[in-house]
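Below, each chain spelled out in residue letters.
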Amino acid sequence: MGLFGGLFGGSKSGEGDNSSNIPWISLTSIDQLKDIKEASNSKPQLIFKHSTTCGISRMVLNMFKSSYSLEEGQMDLYFLDLLAHRDVSNGVASEFGVTHQSPQLLIIKNGEVVVHDSHGAISEINIHQYV
C-alpha cells in the first residue's frame, strides 16, 4: 500500500529513528484543535493518537512507518502522545465526535472527520483517497 512508512520517525514525535522524511507536527495542546479544524478547509489534516507503552500501538506505528508514501505538503500530519497529553486526546474526542481509542487515526476535511479507525484497521485506510 505504501502509505505509512517513516511517519513516526524523527525527533518531533519522540518515536522511531531519525531517518524519517515526514513533516510531523506534535499535537500537544487543545488550542491546536481549532487550527486543525480551520486548516482542514484547505488541506486534509491527519491525527494519529499513539500510546508509547502499548505493544499494539507500537506495532501499528511500525506498520505506518513501513508503508508511508505521501508527498510533502499533501496533508498536515499530527502525532499525539496519549500518555503525555490525555487532555488533548479527550479534546479530539469532544471536538470531532469520535470515541477515544488507542492507537487511532483520524482524517479531517472541511472541519469534519471523514474517516477514522483504530488498532490494526488503521492499515486499511487508504489516506491517498483523502488528499
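Here goes a summary of the coordinates provided. Keep in mind that what you see is a predicted model, and the values were worked out from it rather than measured.

The rules behind these values
Residues numbered from 1 in each chain as written. Predicted model: local features only at pLDDT ≥ 70, side-chain atom pairs only at ≥ 80, totals over all residues. Heavy atoms only, no water. Core = buried A, V, L, I, M, F, W, Y, C linked by side-chain atoms within 4.5 Å. Buried < 20%, exposed > 50% of the residue type's maximum accessible area, 1.4 Å probe, protein only. Helix = DSSP H or I, 4+ residues; strand = E, 2+ residues; numbered from the N terminus. Contact = heavy atoms within 4.5 Å. Salt bridge = Lys/Arg side-chain N within 4 Å of Asp/Glu carboxyl O. Expected span 1.5 Å × (residues − 1). Axes fitted to C-alpha atoms, helices over the stretch in contact; angles between N-to-C directions. Parallel < 35°, antiparallel > 145°, perpendicular 65-115°, else oblique. Left-handed = near helix turned anticlockwise from the far one by under 90°.

## Comments concerning the nonpolar core
Argument step 1. With 18 residues, the main nonpolar core has L46, F48, M75, L105, I107 and I127 as its most contacted residues.
Argument step 2. Elements with a contribution of two residues or more to this core: strand 2 (45-50), helix 2 (55-67), strand 3 (76-81) and strand 4 (104-109).
Argument step 3. Top contributing element to this core by residue count: helix 2, with 3 residues.
Argument step 4. Non-local contacts of L46, meaning those with residues more than four positions away in its chain, are made with F64, M75, D76, L77, Y78, L105, L106, I107 and I127.
Argument step 5. Judged by nonpolar contacts, the second largest core, of 13 residues, contains I36, I47, V88 and F96.

## Let's talk about the pattern of salt bridges
Side chains that differ in sign of charge can pair as their charged atoms come close.
Argument step 1. On inspection of all chains with the given rule, the structure shows 2 salt bridges.
Argument step 2. Between E95 and K37 there is a salt bridge whose closest N-O contact spans 2.9 Å. Linking E95 in helix 3 (residues 86-96) with K37 in helix 1 (residues 31-39), this pair joins segments that are 58 residues apart in sequence.

## As for the environment of R86
Argument step 1. Relative to the helices and strands, R86 is located in helix 3.
Argument step 2. For R86, a relative accessible area of 42% corresponds to the partly exposed category.
Argument step 3. Residues R86 and S51, 35 residues apart in the sequence, show an inter-C-alpha distance of 9.9 Å.

## Overview of helix 2
Structurally, the α-helix is built with 3.6 residues per turn, so residues lying three or four positions apart point the same way.
Argument step 1. Its 13 residues give helix 2 an end-to-end C-alpha distance of 19 Å, which sits within 8% of 18 Å, the value for a rise of 1.5 Å per residue.
Argument step 2. S57, V60, L61, F64, K65 and S67 are the residues of helix 2 that are buried.

## Looking at the packing of helix 1 against helix 3
Argument step 1. Packing of helix 1 against helix 3 brings their axes to within 10 Å, and their N-to-C directions diverge by 40 degrees. Between helix 1 and helix 3, the angle falls in the class oblique. Here helix 1 runs over helix 3; the crossing is right-handed. In this structure, helix 1 contributes L33, I36 and K37 to the contact, and helix 3 contributes V88, G91, V92, E95 and F96.

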